[in-house]
Amino acid sequence: MTTTDLEQHLVLVDELLAQPFPERHVSGTTGHAGPDHRVHFLKQSQDFWDDEDGRALIAADAEMQACLDALVAALAARWGDPISVDLRPYLKAGCEGEEVPEPIGFLSQLAGSMQAWPLPGTGRWLAIAVGQGDKELPLELVAVVGMSAVLDPAAAERP
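About the criteria used
Residues numbered from 1 in each chain as written. Predicted model: local features only at pLDDT ≥ 70, side-chain atom pairs only at ≥ 80, totals over all residues. Heavy atoms only, no water. Helix = DSSP H or I, 4+ residues; strand = E, 2+ residues; numbered from the N terminus. Rg over C-alpha atoms; globule rule 2.2 N^0.38 Å. 1 Å grid on protein atoms, 1.4 Å probe; cavity = no way out; pocket = protein on both sides within 12 Å on 5 of 7 lines; lining within 4 Å. Points joined across faces, edges and corners; volume = space filled by probe spheres on them. Phe/Tyr/Trp six-rings, centres within 6.5 Å; stacked < 30°, edge-to-face > 60°. Lys NZ or Arg CZ within 6 Å of the ring centre and 35° of its normal. Buried < 20%, exposed > 50% of the residue type's maximum accessible area, 1.4 Å probe, protein only. Lys, Arg positive; Asp, Glu negative; His and termini not counted. Salt bridge = Lys/Arg side-chain N within 4 Å of Asp/Glu carboxyl O. Contact = heavy atoms within 4.5 Å. Pairing = 2+ DSSP bridges. Axes fitted to C-alpha atoms, helices over the stretch in contact; angles between N-to-C directions. Core = buried A, V, L, I, M, F, W, Y, C linked by side-chain atoms within 4.5 Å. pLDDT = per-residue confidence, 0-100. Parallel < 35°, antiparallel > 145°, perpendicular 65-115°, else oblique. Left-handed = near helix turned anticlockwise from the far one by under 90°. Nonpolar A, V, L, I, M, F, W, Y, C, P; charged D, E, K, R; others polar.

**Digging into the overall build of the chain**
Turning to step 1, where the next piece is worked out: Within the chain one finds five helices and seven strands.
Turning to step 2, where the next piece is worked out: Counting helices and strands in the order they occur from the N terminus, the chain gives α-β-β-β-α-β-α-α-β-β-β-α.
Turning to step 3, where the next piece is worked out: Over its C-alpha trace the chain gives a radius of gyration of 15 Å, about what one expects of a compact globule, namely 15 Å for 159 residues.
Turning to step 4, where the next piece is worked out: Taken along the three principal axes of its C-alpha coordinates, the chain extends 45 × 40 × 30 Å.

**Focus on the layout of surface pockets**
Turning to step 1, where the next piece is worked out: Counted as a void, the largest pocket has a volume near 170 Å³.
Turning to step 2, where the next piece is worked out: Every residue lining the largest pocket is counted, 14 residues in all, and those nearest its centre are Leu16, Gln19, Thr30, Arg38 and His40.

**So, the packing of aromatic side chains**
One pair of aromatic rings is described through two measures. These are the centre distance and the angle between the planes.
Turning to step 1, where the next piece is worked out: One pass over the structure, following the stated rule, counts two aromatic pairs.
Turning to step 2, where the next piece is worked out: Centre to centre, the rings of Phe41 and Phe106 are 6.2 Å apart; their planes meet at 75°, and the pair counts as edge-to-face. Within this pair, whereas Phe41 is found in strand β3 (residues 37–44), its partner Phe106 is found in helix α4 (residues 104–110), the two being separated by 65 residues in sequence.
Turning to step 3, where the next piece is worked out: Lying across the ring of Trp79, Arg78 places its NZ or CZ 5.5 Å from the centre.

**A few points about the side chain of Glu136**
Turning to step 1, where the next piece is worked out: Position of Glu136 among the secondary structure elements: in the loop between β6 (124–132) and β7 (139–147).
Turning to step 2, where the next piece is worked out: For Glu136, which is buried and forms no salt bridge, the nearest opposite charge comes from Lys135, at a distance of 4.3 Å.
Turning to step 3, where the next piece is worked out: Setting aside anything within four residues of it in sequence, one finds Glu136 in contact with Asp47, Phe48 and Trp49.

**A look at the sheet that holds β6**
Turning to step 1, where the next piece is worked out: Reading across from one edge, β1-β2-β3-β7-β6-β5-β4 is the order of the seven strands in this open sheet, with antiparallel pairing throughout. Across the chains shown, the open sheet's two edge strands, defined by having one partner strand only, are β1 (26–28) and β4 (83–86). Direction aside, neighbouring strands of the sheet carry axes that sit 20° apart on average.
Turning to step 2, where the next piece is worked out: Note that β4 and strand β5 (residues 113–119) share four bridges and pair antiparallel.

**Some thoughts on the nonpolar core**
Turning to step 1, where the next piece is worked out: Judged by nonpolar contacts, the single largest core of 24 residues is most densely connected at Val13, Leu71, Leu75, Trp117, Leu126, Ile128 and Leu141.
Turning to step 2, where the next piece is worked out: Mapped by element, the contributors of at least two residues to this core are α1 (3–18), α2 (55–79), β5, β6 and β7.
Turning to step 3, where the next piece is worked out: Tallying contributions element by element places α2 first for this core, with seven residues.
Turning to step 4, where the next piece is worked out: In terms of nonpolar packing, the next biggest core, distinct from the first, is built from 18 residues, Leu87, Ala93, Ala116 and Trp125 among them.

**Quick look at the environment of Val145**
Turning to step 1, where the next piece is worked out: Structurally, Val145 is set in strand β7.
Turning to step 2, where the next piece is worked out: Residues Val145 and Ala116, 29 residues apart in the sequence, show an inter-C-alpha distance of 9.4 Å.
Turning to step 3, where the next piece is worked out: Among residues more than four places away in sequence, those in contact with Val145 are Leu16, Leu17, Phe21, Asp36, His37, Arg38, Arg124, Trp125 and Leu126.

**Here we look at the confidence of the model for the chain**
Turning to step 1, where the next piece is worked out: Within the chain, residue pLDDT values average 89, and 92% of them lie at 70 or more.
Turning to step 2, where the next piece is worked out: Within the model, pLDDT remains below 50 along residues 153–159, and this stretch shows nine contacts once partners closer than five positions in the same chain are excluded.

**Digging into the packing of α1 against α2**
Turning to step 1, where the next piece is worked out: At a minimum axis distance of 10 Å, the contact between α1 and α2 shows a crossing angle of 55°. Considered as vectors, α1 and α2 are oriented oblique to each other. As for how α1 packs across α2, the hand of that crossing is right-handed. Where α1 abuts α2, its residues Leu6, His9, Leu10, Val13, Asp14 and Leu17 lie against Ala70, Leu71, Ala74, Leu75, Arg78 and Trp79.
Turning to step 2, where the next piece is worked out: Broken down by class, the residue content of the contact of α1 with α2 amounts to nine nonpolar, one polar and two charged.

Written out as structure tokens, the structure reads:
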């Protein structure tokens, strides 16, 4: 990732943090939001419909992981080390019919884990993740802002 790309991602994260949550669910080309969260797609790879040998996916995954690592390092310099949240228990709970609050429900269907920072004094948390909705779909680097109650440490330690 170039320095310019990283700077642009950080500007988008700052804008995301500054925006109020909408009163109702809204969706657009760069993300979606609801009364207690905002999701913004920072970067997308190509899709993988024609990637029969998996080489394009491997290259795109390496690029996305490098972007994630650079962004996590920059955000850790601001707020300290992130909390690594395993999203698989949330996915399992959702598949078993349990209600999973947003944006954790969305994230659990996209990624296996997220790097998150509770933002003291704001009532919010920020998370960054890389995921893929299905094997043919693009990889996505996503930034998410949610209400702190959803990122309760006790909730993050689901059985």
